[in-house]
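# Breakdown of the fold
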Amino acid sequence: MKKLFTMTAFLFAAMSAHAADELHLYNWNNYIAAETVTRFEAYCKCKVVQTYYGDNEELLAKLAAGAKGYDILVPTGNALDSLIKQKALLPLNKAQLPNLKNINPAYLNTDFDKGNKYSVPYAYTVTLIGYNDQKIKEAGIPVDSWAAIFEPKILEKIKSKVTVLDSANELMAAALKYLGYSAVDTDEKHWQEAKNVIMKAKPYWAAFNGTSYIKELTVGNIWLVHGYSSDIFQADLDAQNAERKFRIRYAMPKEGAVLALDNMVIHKDAPRPDLAHKFINFMLDGKNSAELSNLIGSGNPNSAALQYIRPDIARNTAIFPDQVTVAKLEMLKDLSGKQRRALNRIWTEIRAK
């Protein structure tokens, strides 16, 4: 019995020691700079174990299926709303987050998490128009409106050279903005109007594409996309590195667009909430936060990071929009079960025809 007790105690101690030196980060792919991870590992004398998801639905589905073992998650606002409602998150101990003062107040106290009881802003992207400057100039197409992806008379000039995101929420939001409605409008009559706009434009698109459109832009197969600002930034970098004769540019539609604010949160069953707090505070340091913007061209809610962000990125108004533009940006909201079912029906009709 004594030997059994000793062995059990040994195993428990070994497991505790193992847990003590690992932070489990469940994040979007390529959403933290390698040098930032290395520096945090040296700082905390621990190992960062990363697992990746491709969209918020994947994150939510995996957690709903009972997945555990994660310390930090990085959900977008509407997914954050869902996680809070499910009581899946651990309240933050703000005494351990002195660098929280670095966050621009404009990105705090959102409708998803009033008072930021559970979340700390990490980075943001804007869903807008990306385009091949050479081809679009030759076609004489204006890119200051969502008409560039929805108006058949415009699309005739670039048929099969356009892609849109394979996302019901994002594409419906763009169509709603084009029609003059809010991106988070839930009036089903307006949803039907948005569906009709999409259906008229669909024959001119090459594909619904949420993954490979970066490469397609880079090599020149696609000339115009409905996509994320950070992806368009990456496509332009790749085009420059490949010495293409064109550049990939951004365009902010005059009707407004969707801003996706991603947040650091701690899962309720986090093995190491203490390391999770250390990580969040570490990422709130201006230099550490800036490394992500410099890596992928993401927008940054951290005021202390601005001095460390590359000037060409900091000056880019698609990544750091001015106050007039910010007023036209909206964050998507979590839908009720009934609304989600209705949107799914509409999306099935759009994708089937």
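What you see is a predicted model; the values in this text were computed from it and never measured. (Residues numbered from 1 in each chain as written. Predicted model: local features only at pLDDT ≥ 70, side-chain atom pairs only at ≥ 80, totals over all residues. Heavy atoms only, no water.)

### Quick word on the state of the cysteines
A covalent bond between the sulfur atoms of two cysteines is what we call a disulfide. Enumeration over the complete set of coordinates arrives at 1 disulfide. Between the sulfur of Cys44 and that of Cys46 lies a disulfide, 1.8 Å long from S to S. Taking the sign of the S-S torsion, -70° for the link of Cys44 and Cys46, the bridge is left-handed. Given the relative accessible area of 11%, Cys44 is considered buried. Cys46 gets classed as buried once you look at its relative accessible area, which sits at 8%. (Disulfide = S-S within 2.5 Å. Buried < 20%, exposed > 50% of the residue type's maximum accessible area, 1.4 Å probe, protein only.)

### Focus: the side chain of Thr76
Here Thr76 lies in the loop between β3 (72-73) and α4 (77-85). Here the side chain of Thr76 touches Asp262 through a polar contact of 2.5 Å, side chain to side chain. (Helix = DSSP H or I, 4+ residues; strand = E, 2+ residues; numbered from the N terminus. Polar contact = N/O pair within 3.5 Å; in protein donor to acceptor, adjacent residues only side chain to side chain.)

### Considering the environment of Asp21
For Asp21, the location among the structural elements is in the loop between α1 (2-20) and β1 (22-28). What makes Asp21 partly exposed here is its relative accessible area of 34%. Considered as a pair, Asp21 and Ala276 are 255 residues apart in the sequence and their alpha carbons are 12 Å apart. What Asp21 contacts, discounting residues up to four positions off in sequence, is Lys45, Cys46 and Lys47. (Contact = heavy atoms within 4.5 Å.)

### Regarding the nonpolar core
Phe150, Trp205 and Leu224 are the most contacted members of the largest nonpolar core, which has 67 residues in total. Broken down by element, this core gets its largest block of residues, 6 residues, from helix α8 (residues 168-178). Discounting chain neighbours no more than four positions away, the residues touching Trp205 are Ile149, Phe150, Leu155, Ser160, Val162, Val164, Leu171 and Ile198. Membership of the second largest hydrophobic core comes to 48 residues, among which are Ala67, Ala79, Met283 and Leu284. (Core = buried A, V, L, I, M, F, W, Y, C linked by side-chain atoms within 4.5 Å.)

### Side note on the pairing of strand β7 (residues 224-228)
Taken across its 5 residues, β7 has 4 buried, putting it largely inside the fold. Where strand β4 (residues 120-132) lies against β7, 5 bridges are found, and the strand directions are antiparallel. Note on β7: the bridge partner recorded for Gly130 is Val225. Relative to β7, strand β5 (residues 162-164) runs parallel, the two being bridged by 2 bridges. What sits directly across from Val162, in β7, is Leu224. (Pairing = 2+ DSSP bridges.)

### What about the packing of aromatic side chains?
This structure, assessed with the given rule, holds 13 aromatic pairs. Where Trp28 meets Tyr53, the ring centres are 5.0 Å apart and the plane angle is 55°; that geometry is what we call tilted. Of this pair, Trp28 sits in strand β1 while Tyr53 sits in strand β2 (residues 47-53); the two residues are 25 residues apart in sequence, bridging distant segments of the chain. Exposure class is identical for Trp28 and Tyr53. Each is buried. Taking 5.8 Å as the distance between ring centres and 90° as the angle between the ring planes, the aromatic pair formed by Trp205 and Phe208 counts as edge-to-face. Cluster of aromatic residues (ring-pair linked, three or more members): Phe150, Tyr178, Trp205, Phe208 and Trp347. Over the ring of Phe208 we find Arg351, and its NZ or CZ is 4.2 Å from the ring centre. (Phe/Tyr/Trp six-rings, centres within 6.5 Å; stacked < 30°, edge-to-face > 60°. Lys NZ or Arg CZ within 6 Å of the ring centre and 35° of its normal.)

### Description of helix α2 (residues 34-44)
For α2, the complete set of buried residues consists of Thr36, Val37, Phe40, Glu41 and Cys44. The buried residues of α2 occupy an angular sector of 135° when projected down its axis, which confines them to one face. Structural note: α2 exposes Ala34, Thr38 and Ala42 on the side pointing more than 90 degrees away from its buried face. On the buried face of α2, the contacting elements are β1, β2, α12 (273-283) and α13 (286-296). Following α2 by one or two positions, Lys45 adopts a phi angle in the positive range, close to 55°. (Arc of directions from axis to C-beta.)

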